[in-house]
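Given next are the chains, with one letter for each unit.
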Amino acid sequence: MWGRLQRTRVRLDDVGNGVTRIQMTSLGATSLGMEVDAYLVGDILVDAGFAYVRDPLVAALEDREISLICCSHSHEDHTGNCAVIAEAHDCPVFLRHAEALWEEGVRSLAPYRRIWWGRVDPFEAREMPEVVESGGRRLRVIPTPGHAKTQVALYEAATGDVFTGDLLISPGAAAVLTWGNPWQEVESLRRVAALSPRRMLTGHGLMTEDPVPLLELKADRIESAARLSVELTADGREPREVVRDVFPNGELKDRFFEWLTSREFSRLNFVLAAVRHAPASFNVQTLER
Ligand SMILES: [Zn+2]
């Protein structure tokens, strides 16, 4: 019922390099100011959208050849229709850390996630190989944890395209999920930048040529915010105070999302995770002040 009220839409566009972008929207997605994107790279499907978009998505892909599905990560807005598409096209689904498919709240979604995206139907996830090949296309799998344990970027050297899922949604340091790790995000962003991709195709509306400066900018910003979080905490400041210093603007919106997500997504999580996961090499005692 709720799903039917979501007014979902699916749109397929040829975006060059033999890639079809699959844009998916719904009332929930629009209320967040974001769309969800999946891609067809030849006959490789990168991500499978969210459950509410199932009927129009399955219809849109009906006469397309799909030999395998690669998930950028396990979250419900990217894996929601893996089961139904894998069955319709009789193809396998690959995920890095396949054993962790149901972690990070995916098995029993918090209410806000269920309302926005809908439940993920169970499917069999196979372990993502280091290289994915099909129909003459070859995608290298680059681990990019930080946002999700299971996240990868898929890089096609022949075209210079890189598919990055949720690695880069906004250009700066931002709120993270309970299990988020800002330090890993920094490494992941730099790992992808080091490939010198010519085009980046993301999971939420951003498709951009020459993405390296943007990837590096975000890595730098997260790194300085994480450093500051550790330093201020070492000075004995309370976490909430640290949040205000690290993120001087937009406190109201952040607190609203913190409440809405039962604390699963917040800037406070960023500060706490920056401290909790600070690399051993980053010893506060020896910080130059
Ligand atoms: Zn997402």
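Anything mentioned here points back to the structure above.
Residues numbered from 1 in each chain as written. Predicted model: local features only at pLDDT ≥ 70, side-chain atom pairs only at ≥ 80, totals over all residues. Heavy atoms only, no water.

**Q** Explain the overall build of the protein here, please?
**A** Looking only at helices and strands, the protein has ten helices and 15 strands in total. Computed over C-alpha atoms, the radius of gyration of the protein comes to 19 Å, within 12% of the 19 Å expected from 2.2 N^0.38 for 289 residues, which places it in the range of a compact globule. With the principal axes as the frame, the protein shows a C-alpha extent of 60 × 45 × 30 Å. A burial count over the protein gives 53% of its 289 residues as buried. A separation of at least 24 residues holds for 66% of the contacts in the protein among residues at least 6 apart in sequence. Of the accessible surface of the protein, which amounts to about 13500 Å², a share of 49% is contributed by carbon and sulfur atoms. Distance from the positive charge centre (33 side chains) to the negative charge centre (42 side chains) of the protein: 4 Å. (Helix = DSSP H or I, 4+ residues; strand = E, 2+ residues; numbered from the N terminus. Rg over C-alpha atoms; globule rule 2.2 N^0.38 Å. Buried < 20%, exposed > 50% of the residue type's maximum accessible area, 1.4 Å probe, protein only. Contact = heavy atoms within 4.5 Å. Areas by Shrake-Rupley, 256 points an atom, 1.4 Å probe, with all protein chains shown as cover. Lys, Arg positive; Asp, Glu negative; His and termini not counted. Charge placed at Lys NZ, Arg CZ, Asp CG, Glu CD.)

**Q** In this structure, what is going on with the packing of helix 6 (residues 182–193) against helix 7 (residues 212–234)? I would like to understand it.
**A** Helix-helix packing: each pair is described by the crossing angle between the helix axes and the interaxial distance. Contact geometry of helix 6 with helix 7 gives a least axis separation of 9 Å together with a crossing angle of 160°. The orientation of helix 6 relative to helix 7 falls into the category roughly antiparallel. As for how helix 6 packs across helix 7, the hand of that crossing is left-handed. Residues Pro182, Trp183, Glu185, Val186, Leu189, Arg190, Val192 and Ala193 of helix 6 pack against Val212, Leu215, Glu216, Lys218, Ala219, Asp220, Ile222, Glu223, Ala226, Arg227 and Val230 of helix 7. When its residues are assigned to classes, the contact of helix 6 with helix 7 shows twelve nonpolar, no polar and seven charged. (Axes fitted to C-alpha atoms, helices over the stretch in contact; angles between N-to-C directions. Parallel < 35°, antiparallel > 145°, perpendicular 65-115°, else oblique. Left-handed = near helix turned anticlockwise from the far one by under 90°. Nonpolar A, V, L, I, M, F, W, Y, C, P; charged D, E, K, R; others polar.)

**Q** How should the nonpolar core be read in this particular structure?
**A** A general tendency of soluble globular proteins is for nonpolar side chains to be buried together. The biggest cluster of nonpolar side chains holds 35 residues, and the ones touching the most others in it are Met24, Leu45, Leu61, Ile66, Ile69, Ile85 and Phe123. Elements represented by at least two residues in this core include exactly strand 2 (19–25), strand 3 (36–41), helix 2 (54–61), helix 4 (82–89), strand 6 (93–95) and helix 5 (111–117). Broken down by element, this core gets its largest block of residues, four residues, from helix 4. In contact with Ile66, not counting residues within four places along its chain, are Leu40, Asp43, Leu45, Leu61, Ile85, His89 and Cys91. The next biggest cluster of nonpolar side chains, apart from the first, holds 31 residues, and it includes Tyr155, Met200, Val243 and Phe270. (Core = buried A, V, L, I, M, F, W, Y, C linked by side-chain atoms within 4.5 Å.)

**Q** Just checking my understanding: could you explain the sheet that holds strand 8 (residues 131–134) for this structure?
**A** Pairing between the strands of a sheet comes from backbone hydrogen bonds, and it takes one of two forms, parallel or antiparallel. One open sheet holds the six strands; their spatial order is 8-9-10-11-13-14, and the pairing between them is mixed. Since the sheet does not close on itself, it has two edges, and those belong to strand 8 and strand 14 (207–209), each with one partner. Strand after strand, the sheet turns through a mean of 20° between neighbouring axes, direction not considered. The pairing of strand 13 (residues 199–202) with strand 14 spans three bridges and is classified as antiparallel. (Pairing = 2+ DSSP bridges.)

**Q** Help me out: how do you make sense of the pairing of strand 11 (residues 161–165) in this one?
**A** If a strand is regular, its side chains alternate between the two faces of the sheet. Among the five residues in strand 11, five count as buried, and that is most of the element. Residue alternation in strand 11 divides its side chains into two sets, Asp161, Phe163 and Gly165 and Val162 and Thr164, and both sets are buried. Of the strand pairs in this sheet, strand 10 (residues 152–156) and strand 11 are connected by three bridges, and their pairing is antiparallel. Counterpart to Glu156 in the pairing with strand 11 is Asp161. The antiparallel pairing of strand 10 with strand 11 creates a hairpin that spans four residues between the two strands, and Gly160 there sits at a positive phi of about 80°. Bridge analysis of strand 11 against strand 13 gives four bridges, and the strand direction is parallel.

**Q** Before we go on, may I ask you to explain the coordination of the zinc ion in this structure?
**A** Angles between donor atoms at a metal ideally measure 109.5 degrees for a four-coordinate tetrahedral arrangement and either 90 or 180 degrees for a six-coordinate octahedral one. Asp77 (OD), His78 (NE2), Asp166 (OD) and His204 (NE2) make up the full set of protein donors to the zinc ion, lying at 2.1 to 2.3 Å. Here the zinc ion is ringed by four donor atoms whose angles at the metal span 86 to 161°, and the overall shape comes out irregular. Sequence positions of the donors to the zinc ion reduce to the motif D-H-x87-D-x37-H. Just as Asp77 is buried, His78 falls in that class too. (Donors = N, O, S within 2.8 Å, 3.2 Å for Na, K, Ca; no water. Tetrahedral: all angles 85-135°; square planar, octahedral: opposite > 155°, others 65-115°.)

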